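Observations on the model geometry
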Amino acid sequence: MAKLSNFRIVLSLTILLILSSIGYPYILPPTQIIEFMAKRFATIKTLKIIQLTKIKDLDQEEEKVFGEIIYLRSPALYRSEIAGQPAKRLIIHKGTKTLRIIDSMITSEGESQDPLYRFLMLAQGPKRLLERLKAVGINLDRASLTRFEDRIAYLIGDKEEGAPKLLVDKDRFLPLLLQYGNVVFHFSDYRELKRQTWYPYKIVYSFNGAIIEEYNVKDITVNRSIDLSLFDIPLISSQFGKRGPKPDKQ
């Protein structure tokens, strides 16, 4: 019996040595990956982003390009507006509520359209991020390695095509892709805002496999004071008395 036990120990050690020699990769658990990713953006409390936004319709026939201003405040305040013409397109998210105004008409009010993809790159507690990723259906019990474009990435979630997932750069712990439901957000062109703090200067939003919106950053202001009234949904909705039909998509 002792000989059998010794044999099993030797066999186990041999297998470990073989795996080490062939470079069998160690994969971090999802919770640790998210923790490292959160640390990358821990110093970003507020953001003001000026970007060029390109919108295509679902038929990919028409295209609009305009300047847009994004305001973000940790942990979950968001506002986007067309530069100089907020009534043309204004979206505010606060807590569990979203206000959407298009051409001076309120097209949705109260229903949550959480811009989670923006909050990934804002100061967040790892636990909060995990809860939000779980809420959109990402399997937080699975992590694997994959290649995305020219990078090696951690894939959090199920590997199957169409399954909710988050891809995180293996070396820099920066989000590369977020997918859930019918939407995909692709983050690229990361640039250093300050020491060890990076932000994607290009984000592509796809719906049902078609690119719907592209955002290209022109300027970013970090950690400047942002007036909380910019996110006051009751106050802002009272300024727009018209109600319109709900949009077909986010």
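Treat the numbers as computed from the prediction; the structure is a model and nothing was measured.

**Side note on the packing of aromatic side chains**
This structure, assessed with the given rule, holds five aromatic pairs. With a centroid separation of 4.1 Å and 5° between ring planes, the pair formed by Y117 and F185 is classed as stacked. One end of the pair, Y117, is in helix α3 (residues 116–119); the other, F185, is in strand β11 (residues 183–194), and 68 residues separate them in sequence. The structure contains a cluster of three or more aromatic residues connected by ring pairs, namely Y117, F185, Y205 and Y215. Over the ring of W198 we find R172, and its NZ or CZ is 5.6 Å from the ring centre.

**Brief notes about the environment of T98**
Looking at the element boundaries, T98 is found in strand β5 (residues 97–102). The class for T98 is buried, based on a relative accessible area of 1%. Sequence spacing of T98 and D114 is 16 residues, and the spatial spacing of their C-alpha atoms is 7.4 Å. For T98, the side chain forms a polar contact with the side chain of H93, separated by 2.8 Å.

The rules behind the values
- Residues numbered from 1 in each chain as written.
- Predicted model: local features only at pLDDT ≥ 70, side-chain atom pairs only at ≥ 80, totals over all residues.
- Heavy atoms only, no water.
- Phe/Tyr/Trp six-rings, centres within 6.5 Å; stacked < 30°, edge-to-face > 60°.
- Helix = DSSP H or I, 4+ residues; strand = E, 2+ residues; numbered from the N terminus.
- Lys NZ or Arg CZ within 6 Å of the ring centre and 35° of its normal.
- Buried < 20%, exposed > 50% of the residue type's maximum accessible area, 1.4 Å probe, protein only.
- Polar contact = N/O pair within 3.5 Å; in protein donor to acceptor, adjacent residues only side chain to side chain.

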